[in-house]
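The chain contents come next:
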Amino acid sequence: MTVKFILRLKKLKKISFLLLLLPSIVLASIPVQNTPIPGGIAVIDFESNNEKPTAFYNNIPLYVQHIKDQHWQVLVGIPLMEKLGKKSIKVQDSLARSFDFEVTEHNYTEQYITLKGKKKKYVNPNLAHMDRINKERPILSNARKIFSNNTVSDGLFTRPVNGVTTSPFGLKRFYNKQPRRPHTGLDYAGDIGTPIKAPADGKVILSGKYFFNGNAVFLDHGQGLISVYIHMNKRLVKQGQHIKQGDLIGTIGQTGRATGPHLHWGIYLNQTVINPNLLICK
Ligand code: ZN
């Protein structure tokens, strides 16, 4: 081989390396569809010359992504209990602006669940259980309030489990005929021990065992985008660990308030639980 040829090869390698990097620069965003319903995501586009504009809804920081050139996008998680009608977000770059959006109606179906025997404690917990629940509550809610500069993998999320979904997001739930919070996630049925894989890059911000959630793992994907995995049999990651899309994080179980083995998968955006289906490929 001549020196000239080797040099040319090196140059080619450099170019293909750059080409490999290019898609991540252009597509460093999640292609979410505008779904401005309770439990949905409002997608708001705006222009900015700023390097890192910020946005807020009810003073809570929002997920802001760069699309192309001056084109930016805000993803706003809408609470399941949000009143319908006109809402507005604040965008802050060199100037302060506000953008309006409209929350429209969506009717989620009702579900009645009966818990018997030992599982009854999850409907009417006793004093000792209440003590534990009250101790765990701030740990769980503080984890959901984390707003970091971590970044997710490009594109949509992958499914954490290759199973069928048994309970959709947003179901209005009644436990032993008593109204409780609506279903705040997506349930995947599966045998105990079925692997659960990270749907996107992230950092483990919580890994522990809790009264209602059982064995649970929380992943931070950056800018207030957090995914949670509950009722697990085994947790296979530790707090502080960085993980890649597709990494094994645990297995399906039925720990905590679960009537059978399944994964409850929840997604939070701006401290608001939203439909995980909005972030994955259809
Ligand atoms: Zn669930």
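**Remarks on the confidence of the model for the protein**
For the protein, the mean per-residue pLDDT works out to 88, and 89% of the residues sit at or above 70. In the model, residues 15–27 has pLDDT below 50 throughout and makes six contacts with residues more than four positions away in sequence or in other chains.

**Points about the nonpolar core**
In this structure, I41, F157, L225, Y229, I249 and W265 are the most contacted members of the largest nonpolar core, which totals 32 residues. Broken down by secondary-structure element, the contributors of at least two residues to this core are β1 (41–47), β11 (186–189), β14 (214–220), β15 (226–235), β17 (248–252) and β18 (262–269). With four residues, β18 is the single largest residue contributor to this core. Look past the residues within four positions of I249 in its chain and what remains in contact with it is I196, K197, A198, V217, L219, Y229, M232, K234, R235, L236, V237 and I243. Residues L80, I205, Y210 and I226 belong to the second largest nonpolar core, which totals 16 residues.

**A closer look at the coordination of the zinc ion**
Only H183 (NE2), D187 (OD) and H264 (ND1) from the protein coordinate the zinc ion, and they sit 2.0 to 2.1 Å from it. For the zinc ion, the donor residues sit on a single chain with the sequence spacing H-x3-D-x76-H. Of this pair, D187 sits in strand β11 while H264 sits in strand β18, placing them 77 residues apart in sequence.

**Remarks on the pattern of salt bridges**
In total, this model carries seven salt bridges according to the counting rule given. For the salt bridge of D131 with K135, the shortest nitrogen-to-oxygen distance reads 3.3 Å. In this pair, D131 and K135 are both assigned in helix α2 (residues 127–144), four residues apart and thus about one turn of the helix distant. Relative accessible area serves as the criterion here: at 56%, K135 is assigned to the exposed category. The salt bridge partner of R132 is E136, with a shortest N-O separation of 2.7 Å. Remark: E136 and R132 occur in helix α2; sequence separation between them is four residues, near one turn of the helix.

**Some details on α2**
Compared with an ideal rise of 1.5 Å per residue, which puts 18 residues at 26 Å, α2 spans 26 Å between its outermost C-alpha atoms and is within 8% of the ideal. Along α2, the helix axis deviates most sharply at E136, where the bend reaches about 25 degrees; the proline P138 sits within four residues downstream. Turning to α2, its buried residues are H129, I133, E136, L140 and A143. In this structure, the buried residues of α2 make contact with β13 (202–210), β14 and β15. Two or three places before A128, at the start of α2, stands the capping residue N126, its side-chain oxygen 3.1 Å from that residue's backbone nitrogen.

About the criteria used
Residues numbered from 1 in each chain as written. Predicted model: local features only at pLDDT ≥ 70, side-chain atom pairs only at ≥ 80, totals over all residues. Heavy atoms only, no water. pLDDT = per-residue confidence, 0-100. Contact = heavy atoms within 4.5 Å. Core = buried A, V, L, I, M, F, W, Y, C linked by side-chain atoms within 4.5 Å. Buried < 20%, exposed > 50% of the residue type's maximum accessible area, 1.4 Å probe, protein only. Helix = DSSP H or I, 4+ residues; strand = E, 2+ residues; numbered from the N terminus. Donors = N, O, S within 2.8 Å, 3.2 Å for Na, K, Ca; no water. Salt bridge = Lys/Arg side-chain N within 4 Å of Asp/Glu carboxyl O. Expected span 1.5 Å × (residues − 1). Bend = angle between axes of the 7 residues up to and from the residue. Polar contact = N/O pair within 3.5 Å; in protein donor to acceptor, adjacent residues only side chain to side chain.

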